[in-house]
Amino acid sequence: MGRHSACRPRRGEGRAVRPDRVMRAVFAAELGKVLRAPAIWGFLAACLCLNAACSAIAARDHGAAVDYVSHVAAESGTSMDAGFLRRIGRLPESPARDDLLAQVGSVIGGVVDATSAGNEDASGASASAGGPARPSTAMSAYDGEAVGERYAALLHEFRQDALVAPMRAKYRLVGDRAAHLARERADLDLYAAGLTMTVHDDLFGGVDGLLSRIVLESWAFGAFAALHLLGCERRHRTAPLVDASLVGRRLTAIKIAAATLVALGGFTLLTAGSLAAHLAMTDLSGILGSSVSSAFNAIASPWGSQPFITWADFTLGGYLAAQVTLSLALVLVVALAACALGVLCPDAYAAVGLLAVGGLVPYAALTVCEDRHWWIAYQLLSAHPAYALANQSQWFTDMSYDAVVPWQETWSVAVGLAVAVVALTVAVRRRGRIDLP
Amino acid sequence: MLTVEHVTKTLSGRTILRDVNLTFDRGVYGLLAPNGAGKTTLIRLLATLLFPDSGTIRLDGEDITAMGERYRARLGYLPQDFGYYPGYTPRRFLRYLAALQGLTRTRADERIDTLLDMVGLADVADRRLRTFSGGMIQRVGIAQALINDPDLLVLDEPTVGLDPRERVRFRNIIHELASTCIVILSTHIVSDLETIADRIVMLRDGTVLRDDTPAAIRAELDGRIWQVPVSTPLDAGRTLLGEVQVGGETRLRIHCAARPGLAPSDAGLPPDAVPVPPSLEDAFLLAYGD
């Protein structure tokens, strides 16, 4: 008879009523196995040190300037208008104040005489009749339809016509969002003034950004936890013992739960520790309430920079929270994928190799597709976690060529999570029905 | 009662077990066969690590695959290649395995103290396993197989690495358990079974060659095992079983197919040939060749 004879357990067969305490006790034991590995804590400490060092470098380079802007924002608010300019003008003279005046003035037009105080109401707005005049910015002038047509023309030129219609539709929505953000004066929020993109990149940008670094570190950490725990019994030749015990093959699910908890716990520790260090070294408290769609912020487009148009209204604090949340989900995807490989691969080294190849090859493919303007192929690869990591600096925006639907990075992570869960379920169920080595 | 009913198992394209039928009740059963004969495969089927390609294994009439955890809760298993966590102490390792067997911490600690004492490791309960000898590790293995007070004890090559004193201790443990347990020992060391097994199951070519008591197996060879001078020709009908030292002289131990009870000369043997009581090892060598 073949491998799938009637002698093998059917789904749900043999499942006795099992006290929760047994599962809890075994779960605690499995957790202990991982947490007692010295490499775990050494790696976390090294990552925290690395992240703190990077934050220290950023603080050394521009921390003082950002601290000044944050302090000004805390005192004078974050909404740039004539009243805001006047309030800055009344601050003690310094190069930092002058820089800030020039930067704000470049957005809202002109530098207001610092001595012409008293022309403002309690909100700091200009007392001119008809309310404050709204300066024109790239956001307020944004024409989504026109941008969509430009992308359509480029995609046609690159022979990626399948994406033309969705890209047009997307930029109609982007245009609507730009209009909304302009009405809400989000573009007239200070953020970090002239250092906005630097601050934004410090936190969210590329592989140098703090959160991207944390995601990569958490991927490595989670993969180690998963493969360490799931390969433990094979490594020590204890698999026959544990598989023949009362808990038996269900130990696999317990190990997966423990490994996943450790992976997410590692991410939480890294995020909390690294952010705490970063925020201690660079004061962002005054600008956390500022919109990330400030005119000082931008993303790249084929025609230069374009406004940072997000699919929802985000303050810096809210954007940071959203980034952390999606990053957590991204870490979960890779942790579950590592668990699936740990269950399927008889050899831990093979599992590590497959995980590395499974991560690096799609990342390289995405890079090649981007470089060659193979955007259809690029979109087909977008369900892979590498896509989300590669675009982390522009999450929750239109993302130029890199997305064809709103919130694509979020959908990508959701699809990745679904695929990982399915793969893991198949792996675990398979293990429950096969002959064990 | 544990029954193996028409079980066939093929691995890597080779039929390891072919339509095997066996019944085990309380007592000690020895699975005796040379390496590669299917003992470990049968043991792993009993431990639910493998599934039969056809046939059924039942405990008290119920399919052990369907029983799942209810079966494994009554099973104690010592694999052939017993692994362990080098950084753990015996106490910690047994605690972990006790948790896998569903024991509470209190009950586990009681059992661990009892078992470590039983296997003579109480003094080293808190030393790391990486410092243990092979025999000590094997004793930890025996202890873990008993952690859940099993009704069915399946031991694959349990005496590997044990010195003679430890083997005696092991046999005593098995004797104690035999009245309340089904104990199945797989081994190719005949002497392990000679004194403790109630029944011997001999496997060859994936089938059951013999399933009988040690006395019955030996009785078949009564009168056919001889000690003869070294110069005795090994004609047809005679099989060499080994050499023995008798009073400084080397003599051969042979099996002679002649009818039992004959005088040496009638059996075609030298006059100084001496009939000797057969042993289980004689039966093993005759069944499996060299």
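Chain B carries the name ABC transporter ATP-binding protein in an unreviewed UniProt entry, which gives Bifidobacterium santillanense as its organism. In its Sequence similarities (unreviewed entry) section, the UniProt entry covering chain B states "Belongs to the ABC transporter superfamily."

An unreviewed UniProt entry lists chain A under the name ABC transporter permease, with Bifidobacterium santillanense given as the organism.

Undergrad: Any chance you could explain the interface of chain B and chain A here in plain terms?
TA: Opposite the 41 residues of chain B that make contact, chain A presents 41 residues. Taken together, both faces of the contact between chain B and chain A bury some 3,200 Å²; the carbon and sulfur share is 57%. It is B:Phe51, B:Glu69 and B:Leu100 in chain B that bury the most area against chain A; as a group they hold 22% of the surface buried on that side. The shortest N-O distance in the salt bridge between B:Lys9 and A:Asp435 comes to 2.5 Å. Those elements that place two or more of their residues in the side of chain B that touches chain A are strand S1 (2-11), strand S4 (54-59), helix H2 (64-67), helix H3 (69-72), strand S6 (75-78) and helix H4 (90-100) of chain B. By residue number, the principal contributor to the side of chain B that touches chain A is H4(B), which donates 6 residues. Taken together, the residues that form the side of chain B that touches chain A break down as 23 nonpolar, 10 polar and 8 charged.

Undergrad: It is not clear to me how the sheet that holds strand S2 (residues 14-24) of chain B should be interpreted in this structure. Could you clarify?
TA: Strands pair in a sheet through their backbones, by hydrogen bonds, and they do so in one of two ways: parallel or antiparallel. Residues and elements named next belong to chain B. Taken in spatial order, the 4 strands of this open sheet run S2-S1-S4-S5, and their pairing is antiparallel. The sheet is open, and its two edges are formed by S2 and strand S5 (62-63), each paired on a single side. Relative to S5, S4 is paired through 2 bridges, and the arrangement is antiparallel. Across the sheet, residue Arg58 finds its bridge partner in S5, namely Asp63. Of the strands in this sheet, S1, S2 and S4 touch helix H1 (residues 39-46), which is tilted by about 120° from S1.

Undergrad: When you look at the packing of helix H8 (residues 210-230) of chain A against helix H12 (residues 316-344) of chain A in this model, what are you seeing that I'm missing?
TA: For any two helices packed against each other, one specifies the inter-axial angle together with the distance between the axes. Residue and element names in this part refer to chain A. Two numbers describe how H8 lies on H12: the axes approach to 8 Å, and their chain directions differ by 25°. In terms of orientation, H8 and H12 fall into the roughly parallel class. Both H8 and H12 take part in a crossing whose hand is right-handed. Only Leu320, Gln323, Val324, Ser327, Leu330, Val331, Val334, Ala335, Ala338, Cys339, Gly342 and Val343 of H12 make contact with H8, whose side of the interface consists of Leu211, Val215, Ser218, Trp219, Ala223, Ala226, Leu227 and Leu230. Taken together, the residues of the contact of H8 with H12 sort by class into 16 nonpolar, 4 polar and no charged.

Undergrad: Even after reading the chapter, I still don't get the UniProt feature "domain: ABC transporter" (unreviewed entry) in chain B, so can you show me in this structure?
TA: Residues given the UniProt feature "domain: ABC transporter" (unreviewed entry) here are residues 2-230 of chain B. Secondary structure over residues 2-230 of chain B splits into 34% helix and 29% strand, and the C-alpha atoms at its two ends are 47 Å apart.

Undergrad: Explanation requested: the environment of B:Glu220 in the structure shown.
TA: Residue and element names in this part refer to chain B. Here Glu220 is to be found in the loop between helix H9 (214-219) and strand S11 (225-229). For the pair Glu220 and Lys39, spaced 181 residues apart in the sequence, the C-alpha separation amounts to 24 Å. Engagement of the side chain of Glu220 in a polar contact is seen with the side chain of Arg210, the distance being 3.0 Å.

Undergrad: Explanation requested: helix H10 (residues 280-288) of chain B in the structure shown.
TA: An α-helical turn contains 3.6 residues, so any two residues separated by three or four positions project in the same direction. Every buried residue belonging to H10(B) is among B:Leu280, B:Asp282, B:Ala283, B:Phe284, B:Ala287 and B:Tyr288, and all of these are buried. Trailing H10(B) by a residue or two, B:Gly289 shows a phi angle of about 85°, which is positive.

Undergrad: So what exactly am I meant to see when it comes to the domain arrangement of chain B here?
TA: By a widespread convention, an interface's size corresponds to the accessible area lost as its parts come together. Residues and elements named next belong to chain B. What the domain assignment reports for chain B is domain 1 (2-217) and domain 2 (219-288). Relative to domain 2, the C-alpha centre of domain 1 lies at a distance of 35 Å. Between domain 1 and domain 2, the contact holds 17 residues from the first and 10 residues from the second. Surface buried jointly by domain 1 and domain 2 totals about 1,100 Å² across both partners, of which 67% is contributed by carbon and sulfur atoms. The largest share of the area that domain 1 buries against domain 2 comes from Val190, Glu194 and Ile217, three residues that together contribute 38% of it.

Parameters and conventions
- Residues numbered from 1 in each chain as written.
- Chains lettered and ligands numbered in written order.
- Predicted model: local features only at pLDDT ≥ 70, side-chain atom pairs only at ≥ 80, totals over all residues.
- Heavy atoms only, no water.
- UniProt positions renumbered as here; feature names shortened; annotations may be inferred.
- Contact = heavy atoms within 4.5 Å.
- Buried area = accessible area lost by both parts, 1.4 Å probe.
- Salt bridge = Lys/Arg side-chain N within 4 Å of Asp/Glu carboxyl O.
- Helix = DSSP H or I, 4+ residues; strand = E, 2+ residues; numbered from the N terminus.
- Nonpolar A, V, L, I, M, F, W, Y, C, P; charged D, E, K, R; others polar.
- Pairing = 2+ DSSP bridges.
- Axes fitted to C-alpha atoms, helices over the stretch in contact; angles between N-to-C directions.
- Parallel < 35°, antiparallel > 145°, perpendicular 65-115°, else oblique.
- Left-handed = near helix turned anticlockwise from the far one by under 90°.
- Polar contact = N/O pair within 3.5 Å; in protein donor to acceptor, adjacent residues only side chain to side chain.
- Buried < 20%, exposed > 50% of the residue type's maximum accessible area, 1.4 Å probe, protein only.
- Domains from an automatic or database assignment.

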